[in-house]
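Structural description and commentary
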Amino acid sequence: MKQTKSTKTNDIKREWHLVDVKDKILGRIASDIALLLMGKSKPYFVRNLDLGDYVVVINAKNVRTTGKKEDLKKYFRFSGYPGGLKAETLKELRERKPEEIITHAVSGMIPQNKLKAQMLKRLYVFAGEEHNYKDKFNK
């Protein structure tokens, strides 16, 4: 009788993925990125280990949304002080910090558990075409 082998940490093989989000819909591409970060496509996937890959996202400032989200979708942050709740629309956030749009969307699609922070550490988002990880893809 064969036994199922449990996944060990030294069995994990991490790959690098380059994702160009230019003219892609935000929610659809964010779910694909979340799957890569979680490692759900790997045959040895288990929920209690962080098995995901590294993901480099480029052209974050050119990601698309449908409908009127550009003007109606709001992002909130709170400083912790009374009256410190800040709200801004998607358009304002795109001008100020376009990388945060992708990070926020992907963060909402990853399970809210202790592994979430580790998974998000492997997400690298860049507003334009240039990124610092070219040597990882030229192997």
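In what follows, the accompanying structure is described. (Residues numbered from 1 in each chain as written. Predicted model: local features only at pLDDT ≥ 70, side-chain atom pairs only at ≥ 80, totals over all residues. Heavy atoms only, no water.)

A separate point is the overall build of the chain. Of regular secondary structure, the chain possesses 6 helices and 5 strands. What you see in the chain, going N to C, is helices and strands ordered as β-α-β-α-β-β-α-α-α-β-α. Going through the 139 residues of the chain one by one, you find that 37% of them count as buried. Expressed as a percentage of contacts within the chain between residues at least 6 apart in sequence, the contacts between residues at least 24 apart total 66%. (Helix = DSSP H or I, 4+ residues; strand = E, 2+ residues; numbered from the N terminus. Buried < 20%, exposed > 50% of the residue type's maximum accessible area, 1.4 Å probe, protein only. Contact = heavy atoms within 4.5 Å.)

The next subject is the packing of helix H1 (residues 26–38) against helix H4 (residues 99–108). Look at H1 against H4: their axes get within 8 Å of each other, and the N-to-C directions meet at 65°. For the pair H1 and H4, the crossing hand works out as right-handed. Note on element contacts: H4 touches H1 through Ile101, Ile102, Ala105 and Val106, opposite Leu26, Ala30, Ile33, Ala34 and Leu37. Across the contact of H1 with H4, the residue classes break down as 9 nonpolar, no polar and no charged. (Axes fitted to C-alpha atoms, helices over the stretch in contact; angles between N-to-C directions. Left-handed = near helix turned anticlockwise from the far one by under 90°. Nonpolar A, V, L, I, M, F, W, Y, C, P; charged D, E, K, R; others polar.)

With that settled, consider the side chain of Thr89. With respect to the element layout, Thr89 can be found in strand E4 (residues 85–89). Exposure remark for Thr89: the relative accessible area of 13% places this residue in the buried category.

Moving on to the sheet that holds strand E5 (residues 123–125). Two pairing modes exist for strands in a sheet, parallel and antiparallel, and in both the strands are linked by backbone hydrogen bonds. Across the sheet, which stays open at both edges, the 3 strands sit in the order E1-E2-E5 with parallel pairing between neighbours. Both edges of this open sheet fall to strand E1 (16–20) and E5, since each of them pairs with a single strand only. Taken pair by pair, the neighbouring strands of this sheet meet at an average axis angle of 15°, ignoring direction. Summarising the sheet, strand E2 (residues 54–58) and E5 pair through 3 bridges and their orientation is parallel. Each residue of the ladder has a partner; that of Val56, found in E5, is Tyr124. Its contacts with the sheet put H4 on E2 and E5, and the angle it makes with E5 is roughly 150°. (Pairing = 2+ DSSP bridges.)

A separate point is the packing of aromatic side chains. Tallied over the full model, the rule gives 6 aromatic pairs. Here the aromatic rings of Trp16 and Tyr54 are separated by 4.4 Å at their centres, their planes lie at 10°, and the arrangement is stacked. Here Tyr54 lies in strand E2 and Trp16 lies in strand E1, a separation of 38 residues in the sequence. On the accessibility criterion, Tyr54 (23% relative accessible area) is partly exposed. For the ring pair Trp16 and Tyr124, a centre distance of 6.0 Å and an interplane angle of 10° mean the geometry is stacked. Taken together, the positions of Trp16 in strand E1 and Tyr124 in strand E5 put the pair 108 residues apart, joining distant regions of the chain. Given the relative accessible area of 21%, Trp16 is considered partly exposed. Put simply, the rings of Trp16, Tyr54, Tyr124, Phe126, Tyr133 and Phe137 pair up and form one aromatic cluster. A cation over an aromatic ring shows up here: Lys73 above the ring of Tyr75, its NZ or CZ 5.1 Å from the ring centre. (Phe/Tyr/Trp six-rings, centres within 6.5 Å; stacked < 30°, edge-to-face > 60°. Lys NZ or Arg CZ within 6 Å of the ring centre and 35° of its normal.)

This brings us to the environment of Ile101. Residue placement: Ile101 occurs in helix H4. Classification of Ile101 as buried rests on a relative accessible area of 0%. Separated by 75 residues in the primary sequence, Ile101 and Leu26 have C-alpha atoms spaced 8.5 Å apart. Ignoring anything within four residues of it in the chain, the contact list for Ile101 reads Leu26, Val63, Tyr75, Leu90, Leu93 and Arg94.

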